[in-house]
Amino acid sequence: MSYTLVATAKNEGPAILEWVAYHKMIGFETIIIYQNDSDDLTHEILRTLRDMGEIAYFYNRADYGRHQVKAYKRAARQAAFREAQWVLALDLDEFLLVRADGGTVQNLVDAMPECNQIMLNWKRFGGAGKTRISQDLVVETFTLAEDEARVKTRLTPFKTMFDPNAYTRCGIHRPQGQLIPEDQVRICNGSGLPLNAYEHRNFRAKDPGQRALAQINHYITKDAASFVLKSYRGSAHQANRAIDRKYWTRRNYNSQEDLLLAARADAIRDRMQELDAASGGRLLDLRDQAIELHRSRFDALMEDSATVYRDLYTYCLENPGLAIRD
């Protein structure tokens, strides 16, 4: 089978190499990334990966707040999308963790019943009390997450891997443009359970199997400094959504340690080194430069003690969210 991953990016320079290396490692042959208006070396990193043949990369012109949907429509016109057996759209703070034996997307599909949509619940990871932007991998820096059993009783957002012969394009959470009769729709979740076995509503669902075969690790807040920069950048999909104190408090889950993806950190680093070697040493250098640029931008936001961003950072430091939460 062939697997295609679709993503959008804006000012994701520190994260791109790790994210691409990992998802190539687990079996996505094609990664299509659309970028808009980045000024943190995102373009340079993506262009390098494109020139190496590792990704397909395009600039994504769109009205403010419409970049994600526009990118998904454009991706659906790509041959790699139309010819794939499975497609998944993720953001660059989302990592697909396959828990099925073998850890690849092929292993996931092999372990699934016959279906054309797989609802993959998020598992939200918090900031783990980190305050500054690190050189370390995301997957080994942030290892505290929401309680494993919470998804059994609480409606939790999901992303969907789907058959592009059955749907026209990616949506934010579910595929759009159904191409098959309703009686041919086959949906299961990240535990392999059929749709009638769990409660679901819009883009959220419960999972009685607790993500037995796969989950989406969503590093939604990261460290306090990165969160401030995320607030400064704004939302890619919901232009008017405030990334503020309430956003931090509601999403910064640090209830339970989850080391499943952190255990693959050495393998991810090895793949990053391979990609860097193939680029002549350019990729890791660009990643280092992007991290330093993000650090300097954060420092600049902190210079004025009256700014809303300094107040937000102080709030994050005072409310690290390390207590056990429901």
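As the structure is a prediction and not an experimental result, all values here were calculated from the model.

Draft legend 1. Quick look at the pairing of strand β6 (residues 117-125). The element β6 is extensively covered by neighbouring structure, given that 9 of its 9 residues are classed as buried. Summarising the sheet, β6 and strand β8 (residues 156-162) pair through 5 bridges and their orientation is antiparallel. If you follow M119 over to β8, its bridge partner there is T160. Strand direction decides the pairing type here: β6 and strand β11 (residues 187-189), joined by 3 bridges, are parallel. Each bridged residue has a counterpart across the sheet, and for Q117 the counterpart in β11 is I187.

Draft legend 2. Summary view of the pattern of salt bridges. The tally for this structure, following the rule as stated, stands at 20 salt bridges. As a salt-bridge pair, E148 and K123 come within 2.5 Å of each other at their nearest N and O atoms. Highlighted residues: E148 in the loop between β7 (144-145) and α7 (150-153) and K123 in strand β6, separated in sequence by 25 residues. For K123, a relative accessible area of 2% corresponds to the buried category. Where R295 meets E292, a salt bridge forms, and the shortest distance between an N and an O atom there is 2.6 Å. Of the two residues, R295 and E292 both sit in helix α11 (residues 282-302), 3 residues apart, roughly one turn of that helix. Exposure remark for E292: the relative accessible area of 41% places this residue in the partly exposed category. A single salt-bridge network, built from bridges that share partners, covers R99, K123, E148 and D258.

About the criteria used
- Along each chain, numbering runs from 1 in the same order as the chain's sequence is written.
- For this predicted model, a pLDDT threshold of at least 70 governs which residues receive local features, and a threshold of 80 or more governs which side-chain atom pairs are given and counted, while totals over whole chains, interfaces and linings are taken from all residues.
- Side-chain metrics in this entry use all non-hydrogen atoms of the structure; hydrogen atoms and water are not considered.
- Partly exposed describes any residue whose relative accessible area lies between the buried limit of under 20% and the exposed limit of over 50%, with all areas from a 1.4 Å probe on protein chains only and scaled to the type maximum.
- Runs of H or I in DSSP of at least four residues are treated as helices and runs of E of at least two as strands, each being numbered from the N terminus.
- A pair of strands counts as paired when DSSP detects no fewer than two bridges linking them.
- In the sections that follow, a salt bridge refers to a side-chain nitrogen of Lys or Arg positioned within 4 Å of a carboxyl oxygen of Asp or Glu.

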